[in-house]
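Each chain is listed here by its residues.
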Amino acid sequence: MQRFLLAIGLILGLLMIVGLCNTLNYGTPTRGSYDKVLVDLERQDIPQRLANAIKIRTISEQNIADINYESFLELHRFIDVEFPLVTKNLDKKVIGAYSLLYVWKGSDPTLKPVLLLSHMDVVPVVAGTEPLWEHGPFSGDIANGYIWGRGALDDKLGVFAILEAVEQLLLQGYEPKRSFYLAFGHDEERGGVDGAGQIAKYLKAKGIQALFVLDEGGFITNGGIFGLDKPIAMVNVSEKGYVSLELSVKGEGGHSSMPPAETAATVLSQAVVSVSENKFPLDTSVFETMMEPVAQEMPFYKKAVLANIGMLAPMISGLVEQQPQFNALVRTTTAPTMLLGSPKENVLPIYAKAIINHRILPGETVASTKEFVVKAIANEQVSVAIINQSNDPSPVSSVISKAYQAIEKTIQETVEQEILVVPGILPAATDSKYYAEISDDTYRFVFAEINMSENRFHGTNERIGVESYMAAVRFYVRLVENSDQL
Ligand SMILES: [Zn+2]
């Protein structure tokens, strides 16, 4: 007994030492703050041009037949006219009929180019919610310090801030050393196959290898997350994979007055419960990298928890499931979304189907996700099939690369207050997933200052602050300049 207690004590002691060492070693050393740089923007009407672009209804409708493709051509013409120096000095290529690729040639062909991404399409407005908009979703109103409408955040903001920045630099007579590629997709909200998918293929065929790729998918919060007051810029270094699995069970059908002990509906229900209860394993590695800069700012006890999250996670697994945002960062998620049985209340189903949507953590794949689900169900009556478009998680890009540091520096230079730059993982998907072979370093961040208590991405009253938008233009000006210094 004494020996046993001694062994337990020894293990606990060792764990405490390991925990303490982890804590002391954890946290990114402060990289030093960068001086603020105020870029002079010479052109007038910068917010108004974004507002006018919002008025052009480039909507990715659910039904492909409902998409007004003419609106994309109208947006192309708008860009041609409103950005005369971009039109004159950059090579423009239309890809996939409606997507745009601009090349701004640098003076030194030995330097790798930088690829800046964004998308021109927007999501539809949910029918019936129009009256809830304080300013119409396609009004392009500028009021109360905001530019209002679909695309103000996602992601005409990116398209036009990039174009304004290049136009500004051309106005100054700036000649880049490395080339800059600007790629604007037209179907990101439908998965990006015909836009970004085609542009990436085109670049690959040309043998283009970019120094880095920057797409949307991270933003600036006004503080209030992780219990910190400082604003935080999320630069996402990876995005989760995506797959929808269809579970289907065949039944005998027939009248429901004399049902067999088991119907397609009951077998299917059991399968859905099994998949939901068999959680994918926890993996905190990306989360740990993500929290390093934040940990520096936290009191010791919180830092100790973060530093040892890998050790603690299995013990707090139940708690993790109660926190959907955290849960999504540390495991492949499972979301049963659609159920289908018999079409009538007194008819037994001939087949029953369920759709389960999974967001896959880096380290796993579409194939391993399906395998895990089949094992969890462990019933041959249930067939499992991948439906619709699926994709593996993206590789995790470096947080110590020169490119990441240039992005961090540019954010620090642009935001007036002190700001923390934090790498993260995006639970959703962006166009950048197509560019994995074009560059090892792909980052997801758009310069938009967001209030975390409001969810306006794809939501009602989407808007961007006028000042925030001006800062976004400055950000891209500095990003070009800083990337040229690498
Ligand atoms: Zn978007």
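Heads up: the structure comes first, above all this text.
Because the structure is predicted, anything quoted here is derived from the model rather than measured. (Residues numbered from 1 in each chain as written. Predicted model: local features only at pLDDT ≥ 70, side-chain atom pairs only at ≥ 80, totals over all residues. Heavy atoms only, no water.)

### Comments concerning the overall build of the protein
- Summing up its helical and strand segments, the protein has 15 helices and 17 strands in all.
- For the protein, whose C-alpha radius of gyration is 25 Å, the value lies close to the compact-globule estimate of 23 Å for 486 residues.
- In terms of its C-alpha atoms, the protein occupies a principal-axis envelope of roughly 75 × 70 × 45 Å.
- Long-range contacts, defined here as pairs at least 24 residues apart, represent 82% of the contacts in the protein between residues at least 6 apart.
- The centroid of the 41 positive side-chain charges in the protein is displaced by 3 Å from the centroid of its 57 negative side-chain charges. (Helix = DSSP H or I, 4+ residues; strand = E, 2+ residues; numbered from the N terminus. Rg over C-alpha atoms; globule rule 2.2 N^0.38 Å. Contact = heavy atoms within 4.5 Å. Lys, Arg positive; Asp, Glu negative; His and termini not counted. Charge placed at Lys NZ, Arg CZ, Asp CG, Glu CD.)

### Comments concerning the sheet that holds strand β10 (residues 241–250)
- Reading across the sheet, the four strands line up as β11-β12-β10-β13 and stay open at both edges, with antiparallel pairing between neighbours. Unpaired on one side and paired on the other, β11 (333–340) and β13 (382–391) mark the two borders of the sheet. Taking each pair of neighbouring strands and ignoring which way they run, the sheet shows an average axis angle of 25°.
- Note: β11 against strand β12 (residues 351–360), seven bridges, orientation antiparallel. The residue of β12 that forms the bridge with P336 is I356.
- Packed on one face of the sheet, helix α7 (residues 264–277) meets β10, β11, β12 and β13 and runs near 15° to β12. (Pairing = 2+ DSSP bridges. Axes fitted to C-alpha atoms, helices over the stretch in contact; angles between N-to-C directions.)

### Overview of the side chain of E167
- Relative to the elements of secondary structure, E167 occurs in helix α5 (residues 156–171).
- Despite its burial, E167 pairs with no opposite charge, the nearest such side chain being R43 at 4.2 Å.
- There is a polar contact of 2.9 Å between the side chain of E167 and the backbone nitrogen of V86.
- Apart from the residues within four sequence positions on either side, E167 is in contact with R43, F83, P84, L85 and V86. (Buried < 20%, exposed > 50% of the residue type's maximum accessible area, 1.4 Å probe, protein only. Salt bridge = Lys/Arg side-chain N within 4 Å of Asp/Glu carboxyl O. Polar contact = N/O pair within 3.5 Å; in protein donor to acceptor, adjacent residues only side chain to side chain.)

### Examining the coordination of the zinc ion
- Protein ligation of the zinc ion involves H119 (NE2), D154 (OD), E216 (OE) and E216 (OE), the donor distances falling in the range 1.9 to 2.4 Å.
- One way to put it: the four donor atoms around the zinc ion meet at angles of 55 to 145°, and that makes the site irregular.
- Mapping the donors of the zinc ion onto the primary sequence gives the spacing H-x34-D-x61-E. Taken together, the positions of H119 in strand β3 (residues 114–119) and E216 in the loop between β7 (212–215) and β8 (220–221) put the pair 97 residues apart, joining distant regions of the chain. For the pair H119 and E216, a shared accessibility class is recorded, and that class is buried. (Donors = N, O, S within 2.8 Å, 3.2 Å for Na, K, Ca; no water. Tetrahedral: all angles 85-135°; square planar, octahedral: opposite > 155°, others 65-115°.)

### Some points on helix α2 (residues 46–55)
- For α2, a buried count of seven out of 10 residues is recorded, marking the element as mostly surrounded by other parts of the structure.
- When we look at burial in α2, the residues that qualify are I46, P47, R49, L50, A51, A53 and I54.
- Close packing links the buried residues of α2 with α3 (70–82), β4 (142–143), β5 (146–148), α5, β17 (463–465) and α15 (466–484).

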